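In case you want the letters, here they are:
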Amino acid sequence: MCGIVCYVGNKDVKPILLEGLKRLEYRGYDSAGLAIQDGEEIKWHRAVGKIVELESKVNGLEMKGTVGIAHTRWATHGEPSEDNAHPQRDRDENVFVIHNGIIENYHVLKRKLEREGPRFRSETDTEVLAHLIALNFDGSLSDAVRKTMSQVEGTFGLGVIHRQTPGEIVVARRGSPLIIGVSDNGHFVASDVAAMVRYTNKVVHLEENEVATVTADDFSISTAQAKHIERSTETVEWRAEDAELNGFPHFMLKEIYEQPMTIRNAIRGRLEPGEGVPKLGGIMPVWDKLKECRHITLVACGTSYYAASVGKYIFEKLTEIAVEVGLASEFRYRKLNFPPNTFIVAISQSGETADTLAAIREAKRKGASLIGIINVVGSSISRETDAGIYNHAGPEIGVASTKNFTSQLTTLTLLALLLGRHQNLSLTEGVQAIRALEALPGLIEKVLAQANHIEAIAEKYYKYGNWLFLGRKYNYPIALEGALKLKEVSYIHAEGYAAGEMKHGPIALINPEMPTVAIIPQDEMHEKMFSNIHEIKSRKGPVIAIATEGDDKVREVVDEMIELPPVLDFLNPVLAVVACQLLAYYCANFLNRDIDKPRNLAKSVTVE
Ligand code: F6R
């Protein structure tokens, strides 16, 4: 989704902006642009397509200056075109604006503005902001931005420069994240810490409805009512090398291979094997309420929703709590009737997903307590929940979520285990679960060791246009996630189903041209899954089984088999999904897809 990067300092700004834009590429975009204050002038350029297009336009051009704003746009209002790319400007080319988010009342404002004078040059909602800021400008850019904020409805992260206020950038936030980066050579502002991590890891998060004036030497934050806010810097965990490929051909593959490490990070310091109870400092602020809670609703979108769906089964296994799972995009519009002491657990990698954010706000309004299971530290959801658990998976650059998913499963297991041990789960079961979590990274390595075998399977099947993924219980959501991964990165049509639903429809699709990935570990659902495999084989459908190692009964009937080491049943999904991720990756690779930036997708969906 759209990205913002701004810099004001003592260094040449053009390469800093271009580098920052490249670091934001993973979020998904279709055009880009920048504006640089060069003495008395503001020079600006925009281009459709990749950042290299913009780079080749501005390379060699005289664009000197140490103050600039830059943007990657993901089209919402108006097609991807140079005119619609940001920065947008006012009629007299005094004000230049970059904007993430959506101005919801822009139609009304645009009609009014057009009657009064300015002619619009784009189809964007953002252009309204440029004209309004110009009209509201009376010597102070921050006052003009504040006044404009009071006139617009919707969401925004804004970066603004004005010809008459050289040396300063004004930024503002409502519903779209902005972070100020503090370095010895000046200040950065970005929508994502990835854009500045090469230069600094000292950051200040802007809160809702705040405005900041940023100069080379200073920054000053204030509310929409111009009340000054003091805020100190935080240090982020990201390292510049996290955003490098380190020899891997794609971030997706790198991140799949990072999973033994990221699971270790998710459990580090959190396990107390002797007592069979995890330690989760982040939820202590709500512990007294949480330990009495009997209703939890897990809300999330996409892959995070599938993690929540596995989580539901894990909670049911380990605790006495009634658990519901909700798609945040639907949940936010429901008439919510919570029993007393209900907890909402929001699950999100980015912590910025608009639907998930809206869902927790609605739940809070209805009196629920909120917990976040989040990867990005300091993100909006992590700040708006009452307590939380960080996944510690590190930056996920590949648009398709991989390592974060397995970390989500791990942190959900820790939460369920903590609550279960507080209820009826025995010490023996607690200790057993903790030992199994400790062993997980080593078991994932065993799945990764089959990468060549999985690549060979992908080579055999990548030309098939329709796939089915089947699983039961803990692995039903893995069937959904396996299908999602395959369609996202390879554009192959794939459907995920609870295997018990086969006879209710999908079996009509089975023929020799439709491979089925059947997730069949040796657990209580094994026999039922085995019957499903037979049903498919008797209709000549090819079957790729993801089964427990040594399961010769399965091996004899299926076409291909990927082996999982034995593990506690509720942890099987962590292993099975790694096999699905590799299968999707290699199919996409054979098809020459843009694996890390699949078409039409954005890493962080900050609009509805
Ligand atoms: C799929 C994927 C998306 C995200 C979804 C939620 O690979 O990445 O489906 O899972 O957009 O994003 P977060 O977890 O950031 O809320």
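Residues numbered from 1 in each chain as written. Predicted model: local features only at pLDDT ≥ 70, side-chain atom pairs only at ≥ 80, totals over all residues. Heavy atoms only, no water.

The name an unreviewed UniProt entry gives the protein chain is Glutamine--fructose-6-phosphate aminotransferase [isomerizing], with Candidatus Desulfacyla euxinica as the organism. Looking at the protein chain in UniProt, the text filed under Catalytic activity (unreviewed entry) is "D-fructose 6-phosphate + L-glutamine = D-glucosamine 6-phosphate + L-glutamate". What the UniProt record of the protein chain gives under Subcellular location (unreviewed entry) is the line "Cytoplasm". (UniProt positions renumbered as here; feature names shortened; annotations may be inferred.)

Draft legend 1. A look at the packing of helix α14 (residues 427–448) against helix α19 (residues 572–590). Running from N to C, α14 and α19 point in directions that differ by 30°, and their axes come no closer than 9 Å. In terms of their interaxial angle, α14 and α19 are classed as roughly parallel. Of the two elements, α14 crosses α19, and the hand of that crossing is right-handed. Two secondary-structure elements touch here, α14 through Leu440, Leu443, Ile444, Val447 and Leu448 and α19 through Val574, Leu575, Val578, Ala579 and Leu582. Here the contact of α14 with α19 is composed, by residue class, of 10 nonpolar, no polar and no charged. (Axes fitted to C-alpha atoms, helices over the stretch in contact; angles between N-to-C directions. Helix = DSSP H or I, 4+ residues; strand = E, 2+ residues; numbered from the N terminus. Parallel < 35°, antiparallel > 145°, perpendicular 65-115°, else oblique. Left-handed = near helix turned anticlockwise from the far one by under 90°. Contact = heavy atoms within 4.5 Å. Nonpolar A, V, L, I, M, F, W, Y, C, P; charged D, E, K, R; others polar.)

Draft legend 2. Spatial organisation of the site of the ligand. The environment of the ligand is formed by 13 residues, the closest being Ser304, Ser348, Gln349, Ser350 and Thr353. A distance of 3.1 Å is found between an oxygen atom of the ligand and a backbone nitrogen or oxygen belonging to Thr303. Within the side chain of Thr353, a nitrogen or oxygen atom sits 2.5 Å from an oxygen atom of the ligand. The protein chains hide 91% of the 400 Å² of surface that the ligand would expose on its own. Elements supplying a minimum of two residues to the shell around the ligand: α9 (302–318) and α16 (476–490). No other element matches the 3 residues that α9 contributes to the shell around the ligand. (Near = heavy atom within 4 Å. Polar contact = N/O pair within 3.5 Å; in protein donor to acceptor, adjacent residues only side chain to side chain. Areas by Shrake-Rupley, 256 points an atom, 1.4 Å probe, with all protein chains shown as cover.)

Draft legend 3. Expanded view of the sheet that holds strand β21 (residues 369–374). The 5 strands are arranged β19-β18-β20-β21-β22 in an open sheet whose pairing can be described as parallel. Among the strands making up the open sheet, the edge pair consists of β19 (322–327) and β22 (387–390). Strand after strand, the sheet turns through a mean of 20° between neighbouring axes, direction not considered. Against the sheet, helix α11 (residues 354–365) contacts β18 (295–300), β20 (342–348) and β21, and its axis sits at roughly 170° relative to β20. Lying over the sheet, helix α13 (residues 403–422) contacts β18, β20, β21 and β22, oriented at roughly 160° with respect to β20. (Pairing = 2+ DSSP bridges.)

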